[in-house]
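Below are the chains, spelled out letter by letter.
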Amino acid sequence: MNVFALLFLVLGLGLIAWLTARARAARLSRGIAARRLHSLPSQHGWYVATWAVVPALIFIVVWANISPGLITESVLASPAAAQLPGFGFERETILNEAYSLAQGSSQGAFYPVAEQLAPAYAEAITRYNWIGTAIALILAFAFGALAFTRVKPDFRARTRFERAVMLLLLVASLIAILTTLGIFLSLIFESVRFFSIVPVTDFLFGLNWSPQVIRADDPGANLGALPLFWGTFFIGAVIAMLIAIPFGLMSAIYLTQYAPRSFRAWMKPILEILAGVPTVVYGYFAALTVGPLIRDFAVMLGFQFASAESALSAGLVMGIMIIPFVSSMADDSIAAVPTAMRDGSLAMGATTSETIKRVLIPAALPGVVAGILLAVSRAIGETMIVVMAASGAANITLNPFEGATTVTKQIVDLLTGETAFDSPKTLAAFALGLTLFMITFVLNIVALRVVKKYREAYE
Amino acid sequence: MSETLVPQLPTRPEEPASAAPTGWKSDSMQKRIRARYARERRFRMWGLAAVIGSAGFLAFLLVTMLWQGIGGFQRAEIALPIDFKAAALEVTPEQLRGKGADLALASAGLNDVVANAAVAAFGPDGPDYISESAWVTVRDELKARPELLQGRASIDVPASSPIALAAKGDGNDPAVTRVATRLRDEGTLTQGFNIDFLTGSDATDPTGVGIWGALKGSLLTMFITLMIAFPIGVFSAIYLEEYAPRNRWTDLIEVSINNLAAVPSIIFGLLGLAVFLNFLHLPRSAPLVGGMTLALMIMPVIVIAGRNAIKAVPPSIRDAALGIGASRIQVVFHHVLPLALPGILTGTIIGMARALGETAPLLLIGMRAFIVTPPGGVFDPATVLPVQIFLWSDQVSRGFVEKTSAAIIVLLIFLLAMNAVAIYLRNRFETRW
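None of the values given here were measured: they were computed from a predicted structure.

## A few points about the overall build of chain B
A tally of regular secondary structure across chain B gives 21 helices and 3 strands. Over its C-alpha atoms chain B spans a radius of gyration of 33 Å, topping by over 25% the 22 Å that the globule rule assigns to 433 residues. Each of the three principal axes of chain B carries a C-alpha extent, and together these read 125 × 75 × 40 Å. When each of the 433 residues of chain B is scored for burial, the buried share is 50%. Long-range contacts, defined here as pairs at least 24 residues apart, represent 75% of the contacts in chain B between residues at least 6 apart. Surface exposure of chain B reaches about 21100 Å², of which carbon and sulfur atoms provide 62%. Between the centroid of the 37 positive side chains of chain B and the centroid of its 35 negative side chains there is a distance of 12 Å.

## A word on the overall build of chain A
Each helix and strand in chain A was counted, giving 15 helices and 0 strands. By the compact-globule yardstick of 23 Å for 459 residues, chain A is too spread out, its C-alpha radius of gyration being 31 Å. With the C-alpha coordinates of chain A rotated into their principal frame, the extents come out at 80 × 75 × 40 Å. Within chain A, the fraction of its 459 residues that count as buried is 47%. By sequence separation, contacts in chain A at least 24 residues apart represent 70% of the contacts at least 6 residues apart. For chain A, the exposed area adds up to about 21900 Å²; of that, 68% sits on carbon and sulfur atoms. The averaged location of the 26 negative side-chain charges in chain A is 20 Å from the averaged location of its 30 positive side-chain charges.

## Brief notes about the UniProt feature "transmembrane region" (unreviewed entry) in chain B
Residue and element names in this part refer to chain B. UniProt's entry tags residues 46-67, 219-240, 260-282, 288-310, 331-353 and 406-425 with the feature "transmembrane region" (unreviewed entry), counted in the numbering of this structure. Between the first and last C-alpha atoms of residues 288-310 the distance is 30 Å; the span itself is 100% helix and 0% strand. Spanning residues 331-353, this segment combines 100% helix with 0% strand, and its end C-alpha atoms are found 31 Å apart.

## Regarding the domain arrangement of chain B
Many authors give the size of an interface as the accessible area that is lost as the parts come together. Partitioning chain B into domains gives domain 1 (75-193) and domain 2 (211-429). The C-alpha-based centres of domain 1 of chain B and domain 2 of chain B are spaced at 43 Å.

## With respect to the confidence of the model for chain A
On average, residues of chain A score 85 in pLDDT, and 94% of them reach the 70 mark or higher. For chain A, helix α3 (residues 89-103) of chain A is the element with the lowest average pLDDT, namely 73, and helix α7 (residues 226-258) of chain A is the one with the highest, namely 93.

## A closer look at the confidence of the model for chain B
On average, residues of chain B score 83 in pLDDT, and 91% of them reach the 70 mark or higher. Reported confidence for the predicted complex is 0.86 by ipTM and 0.85 by pTM.

## Quick word on the domain arrangement of chain A
Split into domains, chain A comes out as domain 1 (3-155) and domain 2 (219-454). The gap between the C-alpha centroids of domain 1 of chain A and domain 2 of chain A is 49 Å.

## Examining the packing of helix α14 (residues 407-415) of chain A against helix α15 (residues 265-277) of chain B
Running from N to C, α14 of chain A and α15 of chain B point in directions that differ by 25°, and their axes come no closer than 11 Å. The orientation of α14 of chain A with respect to α15 of chain B, classified from their angle, is roughly parallel. Handedness of the crossing formed by α14 of chain A with α15 of chain B: left-handed. Contacts between α14 of chain A and α15 of chain B involve T408, I411, V412 and L415 of chain A on the former and, on the latter, I266, L270 and L273 of chain B.

## Focus: unusual backbone geometry
Residue and element names in this part refer to chain B. Look at H281: it is not a glycine, yet its phi comes out positive at around 55°. Relative to the elements of secondary structure, H281 occurs in the loop between α15 and α16 (287-312). Look at S285: it is not a glycine, yet its phi comes out positive at around 65°. Its place among the elements puts S285 in the loop between α15 and α16.

## Topic: the sheet that holds strand β3 (residues 189-193) of chain B
Residue and element names in this part refer to chain B. Pairing is antiparallel across the open sheet formed by 3 strands, whose spatial order is β2-β1-β3. Single-partner strands in this sheet number two, and they are β2 (152-158) and β3. Across the sheet, the axes of successive neighbouring strands diverge by a mean angle of 40°, strand direction being ignored. Bridge count for strand β1 (residues 74-83) against β2 is 7 bridges, and the pairing is antiparallel. Bridge pairing links I78 to V157 in β2.

## Side note on the UniProt feature "domain: ABC transmembrane type-1" (unreviewed entry) in chain B
The feature "domain: ABC transmembrane type-1" (unreviewed entry), as given by UniProt, occupies residues 215-422 of chain B in the numbering adopted here. Secondary structure content for residues 215-422 of chain B is 75% helix and 0% strand, and the end C-alpha separation is 21 Å.

## Thoughts on the interface of chain B and chain A
Each side of the interface is counted separately: chain B has 79 residues, and chain A has 80 residues. Of the roughly 7000 Å² buried between chain B and chain A, counting both surfaces, carbon and sulfur atoms make up 78%. Linking chain B to chain A there are 1 salt bridge. In this structure, R36 of chain B engages E354 of chain A in a salt bridge whose closest nitrogen and oxygen atoms are separated by 2.9 Å.

## Section: the environment of L346 of chain A
Summarising the element assignment, L346 of chain A is placed in helix α11 (residues 339-347). It is 9.9 Å that separates the C-alpha atoms of L346 of chain A and I356 of chain A, two residues lying 10 residues apart in sequence.

## Re the environment of A120 of chain A
In this fold, A120 of chain A is placed in helix α4 (residues 112-148). In the structure, A120 of chain A is positioned 124 residues away from A244 of chain A in sequence and 62 Å away in space, judged by C-alpha atoms.

## Concerning the side chain of S310 of chain A
All names here are of chain A. When you line up the elements, S310 lands in the loop between α9 (279-301) and α10 (311-335). Residue S310 is classed as buried on the basis of its relative accessible area of 0%. Contacts of S310, omitting those with residues within four sequence positions, involve I294, A389, P400, F401, E402 and G403.

## Things to note about α9 of chain A
Remark: the principal bend of α9 of chain A, roughly 40°, maps to A286 of chain A. Count one or two residues on from α9 of chain A and you reach G302 of chain A, which has phi positive near 110°.

## Here's the deal with the pattern of salt bridges
Residue and element names in this part refer to chain A. Throughout the structure, instances matching the rule amount to 12 salt bridges over all chains. Its salt-bridge partner being D413, residue K409 comes within 3.8 Å of it at the nearest N-O pair. You can see K409 and its partner D413 sitting in helix α14, 4 residues apart, about one turn around the helix. Its relative accessible area of 8% is what places K409 among the buried residues. The class for D413 is partly exposed, based on a relative accessible area of 36%.

Quick notes on the rules
- Residues numbered from 1 in each chain as written.
- Chains lettered and ligands numbered in written order.
- Predicted model: local features only at pLDDT ≥ 70, side-chain atom pairs only at ≥ 80, totals over all residues.
- Heavy atoms only, no water.
- Helix = DSSP H or I, 4+ residues; strand = E, 2+ residues; numbered from the N terminus.
- Rg over C-alpha atoms; globule rule 2.2 N^0.38 Å.
- Buried < 20%, exposed > 50% of the residue type's maximum accessible area, 1.4 Å probe, protein only.
- Contact = heavy atoms within 4.5 Å.
- Areas by Shrake-Rupley, 256 points an atom, 1.4 Å probe, with all protein chains shown as cover.
- Lys, Arg positive; Asp, Glu negative; His and termini not counted.
- Charge placed at Lys NZ, Arg CZ, Asp CG, Glu CD.
- UniProt positions renumbered as here; feature names shortened; annotations may be inferred.
- Domains from an automatic or database assignment.
- pLDDT = per-residue confidence, 0-100.
- Axes fitted to C-alpha atoms, helices over the stretch in contact; angles between N-to-C directions.
- Parallel < 35°, antiparallel > 145°, perpendicular 65-115°, else oblique.
- Left-handed = near helix turned anticlockwise from the far one by under 90°.
- Pairing = 2+ DSSP bridges.
- Buried area = accessible area lost by both parts, 1.4 Å probe.
- Salt bridge = Lys/Arg side-chain N within 4 Å of Asp/Glu carboxyl O.
- Bend = angle between axes of the 7 residues up to and from the residue.

Take a look at the structure:
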């Protein structure tokens, strides 16, 4: 029986447990007129259903993880397995093939041994599935029945059940910490392995990035990430911001200070669509439409060797994507400035634009700066646009018509090839990821702090 | 009298403006005011230009995609007469109804039969006129009507990429254009709605590709994401907003949620690769792993939206429920949660829309494989719509440009629909307490 059918069955048993326990509690409450139940009948139902479902669910999860190993082991013990080649890639392939044959998901096998193994596999799968199903059902019945016997008028089912719910809520909120910890540990773990091969200083300050050829005697020589950091900064924090800040800020100012109400009601959601367009679409747009346009423009300006994969096309399109982030943060912080300050300035005879430039923007500056920091953090972590539109060549340049490459693009390039998992090449991706995580983490913390502090100042 | 009371202002007749600060009628003051008003108008114009410019970028993007992609929903078809009886394929009708039909037809040489039919119908260049995947259309036709094996039939197969381009007027080879015109005049070449684009899967040949495989992968992935992210997100929002004591632990939870919401998505891909694939050995390329990775990514979005929605429920409702003897769990699950649900759902839909458009983390966990059969379940190898777009965008063949744009149109329609639902929910259930 497959996992989903089993889950369905266990949940069905839970429903039955809920119904029977509730019915019994209801009968008790009717039967003994003098004594009232401590808990409502449905709370008794929930209590019993929890006991029927949770242990069985835990068992199913554990079983799903250990049963493939048990199945493989029993297949290897079968006589047909004697013909298998020793350890290696071929053996794995044959086992996989036999497995999919046994499941009926493939139509034919390349290796004849796989066909001989398939019956053994099918038999083992069936056997272990039935064992798993049986144990899960026994658990559900046993714990459910045990809980059912406790349904008594003065049993505190509500307190017990609510304690379980609180535990569930607490566990759910801990998942955020676990995720952060998981990210941090997995990045650190792989990076430590990387830095045991390549010195940290070579990685952080080296000027040569060409991971295609890694010399065995000096792996750090071709893994200097400084050009990547420069490219990331140049595309994400310079070019993209040169587009996003003026457009975003001026849009926010126009929409909050000048625009008629109905115009604002239409334009604000339209600008927000810019942030909702998938980045792969922007990347395709940058690679197919914007890149060639910019190349033609550069050739017109006299750059002979302009490429369609320029830093400008990636940065430009990324800037467009970032506009709504800057504008909504600016919008919020301008709206947080007390109206009295604005009215005071207007009453002194200043024009609206003078009020904006001399009063509103300076007062809202911390919020605007925080918004820009968040936008920068977003831009340097952005992946698909640079994967599709930026070049792969790492060089340090100030010319926007030349190609530049970024940390995120290199992570994707390093991890999507077919390489062993402990080569310096794949581990370098995790070191790059760690650097990216650190930088964005610091930017986010600073921005969140600034926003929080500044909000309190006016409230 | 008054001269003695009012202090004497220094008056210089030639410069009245500086003499009296409110000399509004003086020329220099008028000039200054005009300049200030001009600056005001210019500033306002810049603001309007920024708004129009940003919206213009969006319009340019959408129009470009629509313009390039609309052709992907159409295809040129050639009516190809095939004599199956003469070809004598070595398959029985029973085989065609069974599970191994695809394999049986492929090994019986259906590919060659179709190529020979093209030679017979259009001369030695015939196989170049029809798509490389034409035999797949024939195969599906045979599977649907096994009786065709006993006779002749004319089957509409997709035209090859150059012919299709020429039929649309984009051809750059005059010889191909002449062939296309001739075939059209004969009535063999027709334009039709490309139903295979909606029902098919990835292929090596642009005329035979479809998005259903990727779409199904996306739907399975979204299902897993929703099943994991929604309960966890809602439960932790409830805990943090309703029960959590103010201490170092809850501060830590809050900081991690706010920070996770801003972590670059590719980092989640690295997490999925290191933990789910390399540590837990879950199946590569499967919607299960993709869904789990994306769930961790959008969970903070749901938590933040959920907390805001719960915060907006007035305390009087909680107090009233507590006052008549409800327990704290009953207060939340019977009163607060139903009132906050529209807000939570809006946040969830926005998060799901973000997950649906996400590509980078899925590339890292291996969902960039070439997958021809739509996934049957969450453990099967699959690809998702954005990744399919990325894979097609890398293809050199010109026919893939319109397919990529057409897939983008489908993706954008899904996203706009989700956002529209979110906006509708927000407007429909927005309550002012």
